[in-house]
Amino acid sequence: SEQRRIVARIEELMSRVREARRLRQEAQKDAERLWQSVLAQTFPRPGSELPKGWRWVRLGEVFRLKNGKFIRAGDLASQGKVRVYGSNGLLGFTTVPLLTEGKTIVIGRVGACGAINVVDAPCWISDNAMFVAKWFTECDIEYIALALHSIDLSLFAKKGAQPSISQEVVYNALIPLPPLAEQRRIVAELQAVQEKIKALKEAQAATEAELKGLEKAILEKAFRGEL
(Lines give C-alpha, C1' and ligand atoms only; values in the text may rest on other atoms or scores of the structure.)
Protein backbone atom coordinates (compact mmCIF):
# COMPACT_ATOMS: atom_id res chain seq x y z
CA SER A 1 0.00 0.00 0.00
CA GLU A 2 0.98 3.67 -0.32
CA GLN A 3 1.29 3.98 3.46
CA ARG A 4 3.78 1.10 3.65
CA ARG A 5 5.79 2.60 0.79
CA ILE A 6 6.03 5.94 2.62
CA VAL A 7 7.04 4.26 5.90
CA ALA A 8 9.71 2.24 4.07
CA ARG A 9 10.98 5.39 2.34
CA ILE A 10 11.16 7.28 5.66
CA GLU A 11 13.07 4.41 7.25
CA GLU A 12 15.48 4.28 4.30
CA LEU A 13 16.21 8.01 4.50
CA MET A 14 16.48 8.00 8.31
CA SER A 15 18.85 5.05 8.09
CA ARG A 16 21.14 7.11 5.85
CA VAL A 17 21.02 9.97 8.36
CA ARG A 18 21.88 7.58 11.21
CA GLU A 19 24.84 6.22 9.25
CA ALA A 20 26.06 9.76 8.52
CA ARG A 21 25.75 10.59 12.22
CA ARG A 22 27.69 7.44 13.17
CA LEU A 23 30.50 8.43 10.80
CA ARG A 24 30.53 11.96 12.23
CA GLN A 25 30.79 10.60 15.80
CA GLU A 26 33.67 8.38 14.72
CA ALA A 27 35.38 11.42 13.22
CA GLN A 28 34.95 13.25 16.56
CA LYS A 29 36.60 10.35 18.39
CA ASP A 30 39.41 10.32 15.81
CA ALA A 31 40.03 14.04 16.44
CA GLU A 32 40.29 13.44 20.20
CA ARG A 33 42.54 10.40 19.68
CA LEU A 34 44.73 12.52 17.40
CA TRP A 35 45.17 15.14 20.13
CA GLN A 36 46.03 12.50 22.76
CA SER A 37 48.51 10.93 20.34
CA VAL A 38 50.20 14.30 19.69
CA LEU A 39 50.48 14.91 23.46
CA ALA A 40 51.95 11.43 24.01
CA GLN A 41 54.55 12.02 21.29
CA THR A 42 55.45 15.47 22.65
CA PHE A 43 55.75 14.63 26.35
CA PRO A 44 57.95 11.58 27.09
CA ARG A 45 56.75 9.05 29.64
CA PRO A 46 58.36 9.25 33.12
CA GLY A 47 61.64 7.36 33.12
CA SER A 48 62.30 7.95 29.41
CA GLU A 49 65.58 9.41 28.27
CA LEU A 50 65.23 13.14 27.65
CA PRO A 51 66.84 15.37 25.01
CA LYS A 52 69.92 17.31 26.07
CA GLY A 53 69.06 20.28 28.27
CA TRP A 54 65.74 18.75 29.46
CA ARG A 55 65.16 17.42 32.98
CA TRP A 56 62.51 15.53 34.90
CA VAL A 57 60.82 17.57 37.64
CA ARG A 58 57.99 16.96 40.05
CA LEU A 59 55.26 19.56 39.82
CA GLY A 60 55.83 20.38 43.47
CA GLU A 61 59.20 21.82 42.35
CA VAL A 62 57.46 24.00 39.76
CA PHE A 63 54.54 25.59 41.62
CA ARG A 64 52.48 25.82 44.80
CA LEU A 65 48.74 25.24 44.66
CA LYS A 66 45.89 26.78 46.63
CA ASN A 67 42.27 25.62 46.89
CA GLY A 68 39.60 27.96 45.57
CA LYS A 69 36.88 29.44 47.78
CA PHE A 70 33.20 28.64 48.09
CA ILE A 71 30.78 30.86 46.19
CA ARG A 72 27.01 30.67 46.54
CA ALA A 73 24.95 29.84 43.47
CA GLY A 74 22.94 32.99 44.21
CA ASP A 75 26.09 35.09 43.73
CA LEU A 76 26.60 33.80 40.19
CA ALA A 77 25.37 35.82 37.22
CA SER A 78 25.10 34.98 33.51
CA GLN A 79 27.35 37.90 32.61
CA GLY A 80 29.76 40.31 34.23
CA LYS A 81 33.40 41.37 34.51
CA VAL A 82 34.68 38.71 36.93
CA ARG A 83 34.61 35.15 35.60
CA VAL A 84 34.00 32.29 38.04
CA TYR A 85 35.75 28.99 37.35
CA GLY A 86 34.85 25.61 38.82
CA SER A 87 36.34 22.15 38.44
CA ASN A 88 35.50 21.93 34.74
CA GLY A 89 35.69 25.50 33.49
CA LEU A 90 33.51 28.59 33.49
CA LEU A 91 30.58 28.57 35.97
CA GLY A 92 29.34 32.13 35.53
CA PHE A 93 30.22 35.63 36.66
CA THR A 94 30.41 37.59 39.90
CA THR A 95 31.39 41.07 41.08
CA VAL A 96 34.34 40.58 43.46
CA PRO A 97 37.48 38.74 42.28
CA LEU A 98 39.47 36.17 44.25
CA LEU A 99 42.50 36.82 42.01
CA THR A 100 43.03 40.40 40.91
CA GLU A 101 45.94 40.14 38.46
CA GLY A 102 48.00 37.77 36.33
CA LYS A 103 47.26 34.39 34.80
CA THR A 104 46.96 31.01 36.49
CA ILE A 105 46.19 27.34 35.89
CA VAL A 106 42.98 26.00 37.41
CA ILE A 107 42.84 22.25 38.15
CA GLY A 108 39.60 20.42 38.87
CA ARG A 109 39.67 19.17 42.48
CA VAL A 110 36.21 17.65 43.04
CA GLY A 111 33.96 16.11 40.39
CA ALA A 112 35.78 16.83 37.12
CA CYS A 113 39.12 15.87 38.69
CA GLY A 114 42.19 16.90 36.80
CA ALA A 115 40.42 19.14 34.27
CA ILE A 116 42.89 21.87 33.29
CA ASN A 117 42.12 25.49 32.39
CA VAL A 118 44.43 28.49 31.94
CA VAL A 119 42.59 31.61 33.13
CA ASP A 120 43.20 35.36 33.34
CA ALA A 121 42.49 37.58 36.35
CA PRO A 122 40.33 39.18 37.53
CA CYS A 123 38.55 35.93 38.34
CA TRP A 124 37.16 33.75 41.10
CA ILE A 125 38.01 30.06 41.57
CA SER A 126 35.41 27.97 43.40
CA ASP A 127 36.23 25.50 46.17
CA ASN A 128 35.85 22.47 43.89
CA ALA A 129 39.00 23.55 42.06
CA MET A 130 42.57 24.52 42.94
CA PHE A 131 44.91 26.93 41.24
CA VAL A 132 48.59 27.82 40.94
CA ALA A 133 49.27 30.48 43.57
CA LYS A 134 53.07 30.63 43.36
CA TRP A 135 55.77 29.70 40.81
CA PHE A 136 59.17 28.35 41.88
CA THR A 137 60.85 28.24 38.48
CA GLU A 138 60.72 30.25 35.28
CA CYS A 139 58.49 28.47 32.80
CA ASP A 140 55.84 29.02 30.16
CA ILE A 141 52.43 28.68 31.80
CA GLU A 142 50.90 27.24 28.62
CA TYR A 143 53.63 24.58 28.49
CA ILE A 144 52.91 23.52 32.08
CA ALA A 145 49.17 23.36 31.32
CA LEU A 146 49.82 21.15 28.27
CA ALA A 147 52.13 18.92 30.33
CA LEU A 148 49.30 18.57 32.87
CA HIS A 149 46.91 17.60 30.05
CA SER A 150 49.34 14.86 29.01
CA ILE A 151 49.34 13.28 32.50
CA ASP A 152 45.55 12.72 32.88
CA LEU A 153 45.38 13.45 36.60
CA SER A 154 41.85 12.00 36.78
CA LEU A 155 43.47 8.54 36.92
CA PHE A 156 44.78 9.41 40.40
CA ALA A 157 41.46 10.63 41.81
CA LYS A 158 39.95 9.13 44.96
CA LYS A 159 36.84 7.26 43.88
CA GLY A 160 33.45 7.87 45.46
CA ALA A 161 30.14 9.65 44.94
CA GLN A 162 32.26 12.79 44.35
CA PRO A 163 35.71 11.84 42.99
CA SER A 164 38.42 14.13 44.34
CA ILE A 165 42.10 14.79 43.84
CA SER A 166 44.57 16.22 46.34
CA GLN A 167 47.31 18.80 45.92
CA GLU A 168 49.85 16.16 46.99
CA VAL A 169 48.95 13.95 44.02
CA VAL A 170 49.57 16.85 41.66
CA TYR A 171 52.87 17.74 43.37
CA ASN A 172 54.17 14.17 42.93
CA ALA A 173 53.47 14.02 39.19
CA LEU A 174 56.56 14.08 36.96
CA ILE A 175 56.85 16.23 33.84
CA PRO A 176 59.71 16.81 31.39
CA LEU A 177 60.99 20.38 31.61
CA PRO A 178 62.99 21.70 28.64
CA PRO A 179 64.71 25.11 28.45
CA LEU A 180 62.29 28.06 28.26
CA ALA A 181 62.84 28.68 24.53
CA GLU A 182 62.05 25.02 23.79
CA GLN A 183 58.93 25.22 25.96
CA ARG A 184 57.68 28.13 23.86
CA ARG A 185 58.44 26.32 20.60
CA ILE A 186 56.47 23.28 21.79
CA VAL A 187 53.55 25.47 22.87
CA ALA A 188 53.45 27.15 19.43
CA GLU A 189 53.43 23.76 17.66
CA LEU A 190 50.74 22.28 19.88
CA GLN A 191 48.55 25.38 19.63
CA ALA A 192 48.73 25.09 15.82
CA VAL A 193 47.54 21.47 16.12
CA GLN A 194 44.76 22.56 18.50
CA GLU A 195 43.56 25.16 15.98
CA LYS A 196 43.30 22.49 13.28
CA ILE A 197 41.40 20.14 15.59
CA LYS A 198 39.12 23.00 16.66
CA ALA A 199 38.31 23.76 13.00
CA LEU A 200 37.59 20.07 12.45
CA LYS A 201 35.24 19.94 15.45
CA GLU A 202 33.45 23.09 14.29
CA ALA A 203 32.92 21.49 10.88
CA GLN A 204 31.56 18.38 12.60
CA ALA A 205 29.18 20.50 14.70
CA ALA A 206 27.91 22.14 11.50
CA THR A 207 27.36 18.69 10.02
CA GLU A 208 25.28 17.67 13.05
CA ALA A 209 23.09 20.76 12.59
CA GLU A 210 22.64 19.81 8.92
CA LEU A 211 21.69 16.24 9.87
CA LYS A 212 19.06 17.50 12.32
CA GLY A 213 17.69 19.78 9.62
CA LEU A 214 17.60 16.87 7.20
CA GLU A 215 15.67 14.70 9.66
CA LYS A 216 13.15 17.49 10.13
CA ALA A 217 12.81 17.99 6.37
CA ILE A 218 12.22 14.24 5.81
CA LEU A 219 9.41 14.16 8.38
CA GLU A 220 7.83 17.36 7.02
CA LYS A 221 7.85 15.95 3.48
CA ALA A 222 6.35 12.69 4.76
CA PHE A 223 3.48 14.54 6.45
CA ARG A 224 2.90 16.54 3.25
CA GLY A 225 2.89 13.31 1.20
CA GLU A 226 5.89 14.40 -0.89
CA LEU A 227 8.05 11.28 -0.37
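Residues numbered from 1 in each chain as written. Predicted model: local features only at pLDDT ≥ 70, side-chain atom pairs only at ≥ 80, totals over all residues. Heavy atoms only, no water.

Moving on to helix α1 (residues 2-42). Here α1 spans 60 Å end to end across 41 residues, near enough to the 60 Å set by a 1.5 Å rise per residue. For α1, every residue scored as buried is listed here: Ile6, Ile10, Leu13, Met14, Val17, Arg21, Arg24, Ala31, Trp35, Val38 and Leu39. (Helix = DSSP H or I, 4+ residues; strand = E, 2+ residues; numbered from the N terminus. Expected span 1.5 Å × (residues − 1). Buried < 20%, exposed > 50% of the residue type's maximum accessible area, 1.4 Å probe, protein only.)

Take the packing of aromatic side chains next. Per the counting criterion, the structure on display carries 2 aromatic pairs. When the ring of Phe43 is compared with that of Tyr143, the centres are 5.4 Å apart and the planes differ by 50°; the resulting orientation is tilted. Placement of Phe43 in the loop between α1 and β1 (55-58) and of Tyr143 in helix α3 (residues 141-151) is noted, with a sequence separation of 100 residues between them. Relative accessible area serves as the criterion here: at 0%, Tyr143 is assigned to the buried category. Arranged with centres 5.8 Å apart and planes meeting at 85°, the rings of Phe63 and Trp135 form a pair that is edge-to-face. One end of the pair, Phe63, is in strand β2 (residues 63-67); the other, Trp135, is in strand β8 (residues 129-135), with 72 residues separating them in the sequence. The class for Trp135 is partly exposed, based on a relative accessible area of 30%. Against the face of Tyr171 rests Arg64, its NZ or CZ located 4.6 Å from the ring centre. (Phe/Tyr/Trp six-rings, centres within 6.5 Å; stacked < 30°, edge-to-face > 60°. Lys NZ or Arg CZ within 6 Å of the ring centre and 35° of its normal.)

The strand order across the open sheet formed by 4 strands is β2-β8-β5-β6, and the pairing between neighbours is antiparallel. The open sheet has two free edges, formed respectively by β2 and β6 (116-120), since each of these has just one partner strand. Averaged over all neighbouring strand pairs, the angle between strand axes comes to 35°, with direction disregarded. Against the sheet, α3 touches β2, β5 (103-108), β6 and β8, its axis set at about 10° to β5. (Pairing = 2+ DSSP bridges. Axes fitted to C-alpha atoms, helices over the stretch in contact; angles between N-to-C directions. Contact = heavy atoms within 4.5 Å.)

By the bridge criterion, 5 bridges tie strand β3 (residues 82-86) to strand β4 (residues 89-94) in an arrangement that is antiparallel. Considered in β4, the bridge of Arg83 is made with Phe93. Connecting the antiparallel pair β3 and β4 is a turn made up of 2 residues.

By volume, the largest pocket amounts to about 440 Å³. The wall of the largest pocket is formed by 19 residues, among which Arg45, Pro46, Ser150, Ile151 and Asp152 lie closest to the centre. The element that contributes the greatest number of residues to the lining of the largest pocket is α3, accounting for 4 residues. Looking at the lining of the largest pocket, its residues break down into 14 nonpolar, 3 polar and 2 charged. Reported here for the second largest pocket is a volume of approximately 230 Å³. Around the second largest pocket, the lining residues are Trp35, Ile116, Asn117, Val118, Glu142, Ala145, Leu146, His149, Val187, Gln191 and Gln194. (1 Å grid on protein atoms, 1.4 Å probe; cavity = no way out; pocket = protein on both sides within 12 Å on 5 of 7 lines; lining within 4 Å. Points joined across faces, edges and corners; volume = space filled by probe spheres on them. Nonpolar A, V, L, I, M, F, W, Y, C, P; charged D, E, K, R; others polar.)

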